[in-house]
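Take a look at the letters that make up each chain.
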Protein chains: 2
Amino acid sequence: MGFSVRDSNDVKLSLAGRAWCWARQLPEKLVAKVVGVATMANKLARDDPRRVVHSFKVGLAITLVSLFYYFQPLYKSFGVSAMWAVMTVVVVFEFTVGATLGKGFNRAMATLIAGGLGVGAHHLANLCGKIGEPVLIGLFVYIFAAASTFMRFFPKIKARYDYGFLIFILTFSFISISGYRADEILELAHKRLTTIAIGGSVSLLINSLIFPVWAGEELHNSIALNMEKLGLFLEGFGAKYLKTTEDETNNSKDGNNKSSFQGYKSVLNSKNVEENMANFARWEPGHGKFRYHHPWNQYIKLGGLIRQCAYRIDALNAFCKPDIQKPQKFQEEIREACTKISLESSKTLKKLGSCIRATTYPSSSVNAHIVSSKAAVKSLTCFLTSSSSIYTTQNSDELLQIIPIATIASLLIDIVDCTEKIAECTYDLAILAHFEKVNPKPENNNQVSDIVDNQCPEIVITIAELALITSVNPVDDGNFTVGNSDSQHSSDD
Amino acid sequence: MGFSVRDSNDVKLSLAGRAWCWARQLPEKLVAKVVGVATMANKLARDDPRRVVHSFKVGLAITLVSLFYYFQPLYKSFGVSAMWAVMTVVVVFEFTVGATLGKGFNRAMATLIAGGLGVGAHHLANLCGKIGEPVLIGLFVYIFAAASTFMRFFPKIKARYDYGFLIFILTFSFISISGYRADEILELAHKRLTTIAIGGSVSLLINSLIFPVWAGEELHNSIALNMEKLGLFLEGFGAKYLKTTEDETNNSKDGNNKSSFQGYKSVLNSKNVEENMANFARWEPGHGKFRYHHPWNQYIKLGGLIRQCAYRIDALNAFCKPDIQKPQKFQEEIREACTKISLESSKTLKKLGSCIRATTYPSSSVNAHIVSSKAAVKSLTCFLTSSSSIYTTQNSDELLQIIPIATIASLLIDIVDCTEKIAECTYDLAILAHFEKVNPKPENNNQVSDIVDNQCPEIVITIAELALITSVNPVDDGNFTVGNSDSQHSSDD
């Protein structure tokens, strides 16, 4: 008993003590919390200052629309319904112009259709007498709500008209049910539509006139950035992991940046964002370099190919881990070929990225890099075919070491394939979107004609192959002639 | 002149002709469209009948809540504000219980806080006279709207409270601006909160009582399904691409199914869906086999590991294309080891998937399969170490053929690593989530003790290694004893 009292005292004491401790630490904790939130807010604002601008734009739009409530002449015409305008702004005002346009359009159209149907349903129900009216309205609401909800599962509707169907159910219920109590149902429907139109217009004007953020431009830039991220990895992989003496010095600046080296990981899960952006972009009118019917689908396609390349790169990245033994006795020739493939693919991707960013036709140097990477692939395979003798001199331990490098080589060859597909898709995009045709800089021509010495004398790039690559790019015709020389490939490293 | 008249007549004629054509084809086209939509609807309903149930639930909830409008006694207490209840149902009623709960909670809390702040702002503004009032209210609205909009960019808030912040802006604007015209602002705030609470409760009750769809269960099942999809690919890869004689007959049923073989592709882009599901699941109370604090984070972690494995599999899949030359003179030993790795990993993943599905501790056979796949890896490497002699007898062409198979082997070894990580993560999940402990079936014990003949006599699995694998699973202690025999690994194929 004595023990238990002491125990409970102890508990009380410790409870009081803990409460005291907690209270004493509270200001500290609060300060830490506030500092944490402030740091986060600062980071978010610094990462993308448009977020701050967007917030102020939303505040401005709501304040502007609320003027309908303050000024007597404006209030007279709408009354309490003016609040719908404020709500529309809150709900419709999105970060990008496309999203705002899409939501506004959905809301307006859905209100128009649902308002009309609601008024019709009310009149029809009115014919059924005082008891039949609520039953019929209830039935209408039930059927329309269930049908619209089911329609929202259709993938195409979900992607573009989900919000419209939601507002349809909302407005239809609102108008038809209100009809049971209110007499001027037509006026109600009209007010709702007008106020929504006002709210939507104000949102749209402020969103698109004050520092607009275009979904299309976001998508365009993110595709370019993703290409550059993959290029950065491959550059780092060629310069750091495969470590060549001559290239290391050139690329050490970017290659040493560990975070940029791992930047490709965000590409792996980019599908959702890209598809959303493309859906928003379809609503946007022409702006800047983009027409109304810009081929946004091509970006989706390109994004898919970039992700496919990123999956290969992720598999490649698994071999960069410190716990996986790096082959010590690297085959010099294989290593060199791999480095070349990696660096040339990197250059292809980075140049394609910067061409997209500048909305110009991919320059001839892109072709040159592809040809160069393919030449390195050929040089790799031909080395393996011609040099069977080296294997006989090796001991069995070294055979084991051939496996990781063979895998790296295979994955790199696969990446060259992916890069080529990405380049083809980019050419298609450039044609479809009428990208600017620029005269190739003389520097690029020099690169092309600058034939480096070849590690593998047997390498042959057929004319058909080259024609296949170059034919896609109509601007480059004539700039970049390749004879049927046996060992021609270009590079600028 | 005559020509141009004739031309224009021709144009008119062809226009009329085209209009006639179009009008004649219209019914056909309409029928085709209707048939298309109906087929799609039928498919959507068949794929997941819960969609139909959900649609009827939404209809029911809206109809129920609209009763507040029809019955005089109910209408008396709320008046036109009863419409808020209908709107709440439309907006809050989501497919899963978790999403509905989350949205309802967000809406209710945001309305409560914003209502309180709105009333406060109104009273404060009231003190500033007739001119100062709208200015101060406008200022308040501007600041709160801008701040809340910015807060929505915080990743944690975006994931769980995005809707709450939207409703906060909406309600705060509504209450504080309304205060300028309406006298009984407190009553307005009270009505809004009550009607929203009613709408939310009705939604929640109908959603969770009539055939509820739990986000947690969806996440749980989708993780299990994703594992099984990867397992199916690996089974198909082992049985079809690597083609062994004895296994082919066993696995041909599943392996021939091309679509299920490619089913892993949906895993690649599953991140978004999984994270959403986990966010919804956190709102859900205990249900079925899941407690309130079920370790949903562990599912996210597991999902990430599964995706990592899927990336490797995608790289592997690139070698299954018909255009990539399949090595003709396959090294029998390498092929056998690869098949074994592939099939054992497949079994590991499929068993783990079915264990998760049944919420039971992974059975000892999972360990057996991991051990078996690791043994196959060892047998592969030891084959390569011991058999340097075979290379000297080969010609150079066959050296080229070693590259694809070496890559496949490397990727498979990497997949074994991934599989082990997935297994460890699943064990952690089983412990954290208190999965049911079942007594291993005698069949499994037989599998373990069934020692098949070994291709590589040097293979050694150290006790430490086995201990590492088996120690994670407390149930299996004692069921599965492995001596320090030199060539022990198990299999059930």
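Only a predicted model underlies this, so the values are computations on that prediction, with no experimental measurement involved.

Moving on: the pattern of salt bridges. Overall, the coordinates contain 30 salt bridges over all chains when judged by the stated rule. Between Glu274 of chain B and Arg307 of chain B there is a salt bridge whose closest N-O contact spans 3.1 Å. Taken as a pair, Glu274 of chain B in helix α15 (residues 271-281) and Arg307 of chain B in helix α16 (residues 296-317) lie far apart in primary sequence, 33 residues in all. One exposure class covers both Glu274 of chain B and Arg307 of chain B, and it is buried. Through salt bridges that share partners, Asp48, Arg50 and Glu218 of chain A make up one connected network.

Before going further, it helps to examine helix α9 (residues 162-178) of chain B. When the terminal C-alpha atoms of α9 of chain B are compared, their 24 Å separation across 17 residues agrees well with the 24 Å that a helix rising 1.5 Å per residue should span. Of all 17 residues making up α9 of chain B, 15 are buried, and the element is well covered by its neighbours.

Moving on to the packing of aromatic side chains. All names here are of chain A. On inspection of all chains with the given rule, the structure shows 29 aromatic pairs over all chains. Aromatic pair Phe144 and Phe168: ring centres 6.0 Å apart, planes at 45 degrees, arrangement tilted. Taken as a pair, Phe144 in helix α6 (residues 129-151) and Phe168 in helix α8 (residues 162-178) lie far apart in primary sequence, 24 residues in all. Note on Phe144: relative accessible area 26%, which makes it partly exposed.

In this section: the environment of Lys265 of chain A. All names here are of chain A. Here Lys265 shows up in helix α13 (residues 265-268). A relative accessible area of 37% means that Lys265 is categorised as partly exposed. Placed 35 residues apart in sequence, Lys265 and Leu230 show a C-alpha to C-alpha distance of 9.1 Å. Residue contacts for Lys265: discarding those within four places in its chain leaves Asp314 and Asn317.

Further remarks concern the relation of the copies chain A and chain B. Between chain A and chain B, the superposition needs a rotation of 180 degrees and an axial shift of 0.0 Å, giving an RMSD of 0.1 Å. Between the two chains, the operation in question is that of a two-fold axis. Residues of chain A ranked by C-alpha distance from the rotation axis are headed by Thr407 of chain A, positioned 2.2 Å from it.

In this section: unusual backbone geometry. All names here are of chain B. Residue Phe211 is not a glycine yet carries a positive backbone phi of 40 degrees. The residue Phe211 is located in the loop between α10 (185-209) and α11 (215-241) in this model. With phi around 50 degrees, His434 is a residue other than glycine that occupies positive phi space.

All names here are of chain A. Look at the UniProt record and you will see "transmembrane region" (unreviewed entry) annotated at residues 52-71, 83-101, 131-151, 163-181 and 193-215. Secondary structure across residues 52-71 divides into 95% helix and 0% strand, with the first and last C-alpha atoms of the span separated by 29 Å. Between the C-alpha atoms that bound residues 131-151 there is a distance of 31 Å. The span itself is 100% helix and 0% strand.

Now for the interface of chain A and chain B. On the side of chain B, 80 residues touch chain A, which itself brings 80 residues to the contact. At the boundary of chain A with chain B, total buried surface from both sides reaches about 7300 Å², with 73% on carbon and sulfur atoms. The three residues of chain A that bury the most area against chain B are Tyr70, Phe153 and Arg181 of chain A, which together make up 10% of that side's buried surface. Run the count over chain A and chain B and you get two salt bridges. When the shortest N-O distance is used, the salt bridge between Asp314 of chain B and Arg312 of chain A registers 3.0 Å. Counting every contact that joins chain A to chain B gives four residue pairs in polar contact (both at pLDDT 80 or more). The biggest single contributor to the side of chain A that touches chain B is helix α2 (residues 50-70) of chain A, with 13 residues.

This part takes up helix α14 (residues 271-281) of chain A. Taken as a whole, α14 of chain A has its buried residues at Glu274, Met277, Ala278, Asn279 and Ala281 of chain A. Summarising the contacts, the buried residues of α14 of chain A are in contact with α7 (155-160), α10 (215-241) and α15 (296-317) of chain A.

Our focus in this paragraph is the domain arrangement of chain A. Here the domain parsing of chain A yields domain 1 (14-44), domain 2 (51-209) and domain 3 (215-436). The straight-line distance from the C-alpha centre of domain 1 of chain A to that of domain 2 of chain A is 44 Å.

Conventions we followed
Residues numbered from 1 in each chain as written. Chains lettered and ligands numbered in written order. Predicted model: local features only at pLDDT ≥ 70, side-chain atom pairs only at ≥ 80, totals over all residues. Heavy atoms only, no water. Salt bridge = Lys/Arg side-chain N within 4 Å of Asp/Glu carboxyl O. Helix = DSSP H or I, 4+ residues; strand = E, 2+ residues; numbered from the N terminus. Buried < 20%, exposed > 50% of the residue type's maximum accessible area, 1.4 Å probe, protein only. Expected span 1.5 Å × (residues − 1). Phe/Tyr/Trp six-rings, centres within 6.5 Å; stacked < 30°, edge-to-face > 60°. Contact = heavy atoms within 4.5 Å. Least-squares fit on C-alpha atoms with pLDDT ≥ 70 in both. UniProt positions renumbered as here; feature names shortened; annotations may be inferred. Buried area = accessible area lost by both parts, 1.4 Å probe. Polar contact = N/O pair within 3.5 Å; in protein donor to acceptor, adjacent residues only side chain to side chain. Domains from an automatic or database assignment.

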